[in-house]
Amino acid sequence: MSLWEYANPRRFMAASGAVLPWISGLAAVLVALGLAWGFFGTPDDYRQGSTVKIFYLHVPAAMIAINAWLMMLVASLIWLIRRHHVSALAAKAAAPVGLTMTLVTLVTGAIWGQPMWGTWWEWDPRLTSFLILGLFYLGYLALWEAIDDPDAAADLTSVLCLVGSVFAILSRYALVFWNQGLHQGASLSLDKEQNVADVFWWPAMVTLAGFVCLFVALVLLRTRTEIRARRLKAVVARARMS
Amino acid sequence: MPELGKYAAEVLSAYGISLTLLAGLVLWSVIAGRRMRARLAKAEDELAKGRGA
Amino acid sequence: MRALLVRDLSLSVRAGGGFGLALAFFLIVIALVPFAVGPATTTLSLIAPGILWLGALLACLLSLDRILALDWEDGSLDLLATAPIPMEGVAAIKALAHWVTTGLPLTLAAPGLGVLLNLAPEGFLWLTLSLAVGTPALSAIGTFGAALTVGVRRGGLLLSLIVLPLYVPVLILGSEVARRGAAGMETETALALLGALTLGSLAAMPFAAAAAIRINLR
């Protein structure tokens, strides 16, 4: 039994159908628990007051926004190398989720920035690279929409995803060179020294786990929809033949 | 309801907008999934009927 | 390959080929800037390096869909695919022809337009140098974008949406060189990074563009 078994759409449908209710439920529970814990059960920061509560949305959303692109990159590579259709469709399914998470990150960041830095928007490297990430998602989705032939669309978007990843990383470092910025450093890194205090860390971790489950659930659900759309096309074509 | 102090508007709007966005995404995905499942079931039904006749 | 280059160049110079359009667009954009931000010369000289870079970038973007669209429509791209030169070579030549007809004239015109925006005297050399180093990357990346969208009818807007985020690093580093040069600061680091970016794009983008063309021709 290897992972590649699920490259078969039928197997994938069976397995994802079985897993989906559980992972959706887990996502709902964890997100609700983490956000409620963060919102009701944590003290205010002595400098930032209650705005520190935005942290529980902002940071997990940001991590999903970046890692969704990473997942799309891996899925695109699998499609280009091994030609598994499910992989290409999963990459397509992940893009709107990543775009929404990028939007959540930008909106919460702007609302947080207003009282803390005195401005909604600052051309800081971290903020700016998220804006650019959002543009990459938009371009990727637009290319999917524009091409009729499904295999060509999968190929071209995969190539764009590969090239885009390289340029996204280049932009990130060019931006650091361009402006040093206001944003604080990493807050959930494994390096304990940099981290936020434990009271803030645990609820954020629970929310992050919830967001990961939410991401997986949404990608599975949307991939299932894409597979059904493919199948519908085939059925309609066969009906026309007979 | 915890005491949010002077930043109540910011915190609540951040939560409100984010949760609305996420709920919208979930709702859109679920509805699109349901609709596609129904269309596929209908098409497969018709195909099967066409074969039978 | 030389024959292809000569053909592309002569096609673009001929009437309707679009040579000069990008240049005229650049001129108009730069001439419109003072209307939008006001005629104060201090403001203009402050923003001149960035505006000149942005104008050159947009002019370059505008001419991208001509790289492949005509060859796609009349089928010469299919012929090129069966020609004895590799598709990577075709993509590289297309990018080179685009640079010669767009990037090079823009680079040469930029100092003249810098006068209109009251660019600081120290800035002229750096602006020209940064454009000369940076515009080949714009052409190479743009050829990739054109290759991705060549099969899409009326793909001009889509092409812009895809290519603009890819232009971000070039724009940042290029205008940084021009800005620092105009302000009399050291420019070596930014210029070296810009050069590295251009060389990397020139080396890698023809392969990506060729892959995209092959997918579109299937």
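Residues numbered from 1 in each chain as written. Chains lettered and ligands numbered in written order. Predicted model: local features only at pLDDT ≥ 70, side-chain atom pairs only at ≥ 80, totals over all residues. Heavy atoms only, no water.

A. Examining the overall build of chain A more closely. Along chain A, the regular secondary structure elements total 6 helices and 0 strands. Across the 242 residues that make up chain A, the buried fraction comes to 53%. Only carbon and sulfur atoms are counted for the fraction: they give 67% of the accessible area of chain A, which is about 11100 Å². (Helix = DSSP H or I, 4+ residues; strand = E, 2+ residues; numbered from the N terminus. Buried < 20%, exposed > 50% of the residue type's maximum accessible area, 1.4 Å probe, protein only. Areas by Shrake-Rupley, 256 points an atom, 1.4 Å probe, with all protein chains shown as cover.)

B. Quick look at the interface of chain A and chain B. Listed by partner, the interface residues are 37 residues for chain A and 31 residues for chain B. For the pair chain A and chain B, the two sides together bury roughly 3100 Å², of which 78% comes from carbon and sulfur. It is F39(A), R228(A) and L232(A) in chain A that bury the most area against chain B; as a group they hold 20% of the surface buried on that side. At the surface where chain A touches chain B, the tally comes to 1 salt bridge. The salt bridge involving E44(B) is made with R231(A); its shortest N-O contact spans 2.5 Å. For the pair chain A and chain B, the interface holds 3 residue pairs in polar contact (both at pLDDT 80 or more). Of all the elements in the fold, those that place two or more residues in the side of chain A that touches chain B are α1 (9–41), α2 (55–82), α3 (85–117) and α6 (198–241) of chain A. (Contact = heavy atoms within 4.5 Å. Buried area = accessible area lost by both parts, 1.4 Å probe. Salt bridge = Lys/Arg side-chain N within 4 Å of Asp/Glu carboxyl O. Polar contact = N/O pair within 3.5 Å; in protein donor to acceptor, adjacent residues only side chain to side chain.)

C. Structural context of a nonpolar patch on the surface. All names here are of chain A. On the surface, I169, Y173 and V176 cluster together into a nonpolar patch covering about 320 Å² of accessible area. With respect to the helices and strands, I169 occurs in helix α5 (residues 150–178). Look at I169 and you get exposed, because its relative accessible area is 52%. (Patch = residues over 30% accessible without salt bridge, like charges linked within 9 Å, V, L, I, M, F, W, Y side chains within 5 Å.)

D. Quick look at the nonpolar core. Core analysis: the largest hydrophobic core is formed by 141 residues, its most contacted members being M72(A), F26(C), F144(C) and Y167(C). Those residues in contact with M72(A) that sit more than four places away from it in its chain are A91(A), A94(A), A95(A), Y137(A), Y140(A) and C161(A). L232(A), V235(A), M36(B) and L40(B) belong to the second largest nonpolar core, which has 6 residues in total. (Core = buried A, V, L, I, M, F, W, Y, C linked by side-chain atoms within 4.5 Å.)

E. Seen up close, the confidence of the model for chain B. Summing up the model confidence of chain B, the mean pLDDT is 84 and the portion of residues at 70 or higher is 87%. We note a pTM of 0.87 for the whole complex and an ipTM of 0.85 for its interfaces. (pLDDT = per-residue confidence, 0-100.)

F. Structural view of the side chain of T157(A). Relative to the helices and strands, T157(A) is located in helix α5. Among the polar contacts listed, one links the side chain of T157(A) to the backbone oxygen of A153(A), at a separation of 2.7 Å.

G. Main features of the packing of aromatic side chains. Residues and elements named next belong to chain A. Considering all chains together, one arrives at 6 aromatic pairs over all chains under this definition. On the numbers, 5.3 Å between centres and 70° between planes, the contact of W69 with Y137 is edge-to-face. Separated by 68 residues along the polypeptide, W69 in helix α2 and Y137 in helix α4 (residues 125–146) bring together distant segments of the chain. For W69, a relative accessible area of 7% gives the class buried. For the pair W69 and Y140, a centre-to-centre distance of 6.1 Å together with 65° between the ring planes defines the contact as edge-to-face. Placement of W69 in helix α2 and of Y140 in helix α4 is noted, with a sequence separation of 71 residues between them. Judged by its relative accessible area of 1%, Y140 is buried. Clustering of aromatic rings is evident, with ring pairs tying together W69, F136, Y137 and Y140. Its end group placed over the ring of W79, R83 keeps NZ or CZ at 4.3 Å from the ring centre. (Phe/Tyr/Trp six-rings, centres within 6.5 Å; stacked < 30°, edge-to-face > 60°. Lys NZ or Arg CZ within 6 Å of the ring centre and 35° of its normal.)

H. The interface of chain A and chain C, seen in detail. Taken together, the contact between chain A and chain C spans 25 residues of the former and 28 residues of the latter. Sorting the residues of chain A by area buried against chain C places L156(A), F167(A) and F177(A) first, and these three jointly supply 30% of that buried surface. Put simply, chain A and chain C have 1 salt bridge between them. Residue R218(C) pairs with D155(A) through a salt bridge whose shortest N-O separation is 2.6 Å. Applying the counting rule to chain A against chain C returns 1 residue pair in polar contact (both at pLDDT 80 or more). Of all the elements in the fold, those that place two or more residues in the side of chain A that touches chain C are α4 and α5 of chain A. No other element matches α5(A), which puts 15 residues into the side of chain A that touches chain C.

I. Representation of the packing of α3(A) against α4(A) in the model. All names here are of chain A. Remark: α3 packs on α4, axes separated minimally by 9 Å, with the N-to-C direction vectors making an angle of 150°. One element, α3, and the other, α4, form an angle in the roughly antiparallel class. Between α3 and α4 the crossing geometry is left-handed. In this structure, α3 uses A88, A91, K92, A95, P96, G98, L99, T102, T105, L106 and W117 to contact α4, whose residues at the interface are L127, F130, L131, L133, G134, Y137, L138, Y140, L141 and W144. Its residues assigned to classes, the contact of α3 with α4 comprises 16 nonpolar, 4 polar and 1 charged. (Axes fitted to C-alpha atoms, helices over the stretch in contact; angles between N-to-C directions. Parallel < 35°, antiparallel > 145°, perpendicular 65-115°, else oblique. Left-handed = near helix turned anticlockwise from the far one by under 90°. Nonpolar A, V, L, I, M, F, W, Y, C, P; charged D, E, K, R; others polar.)

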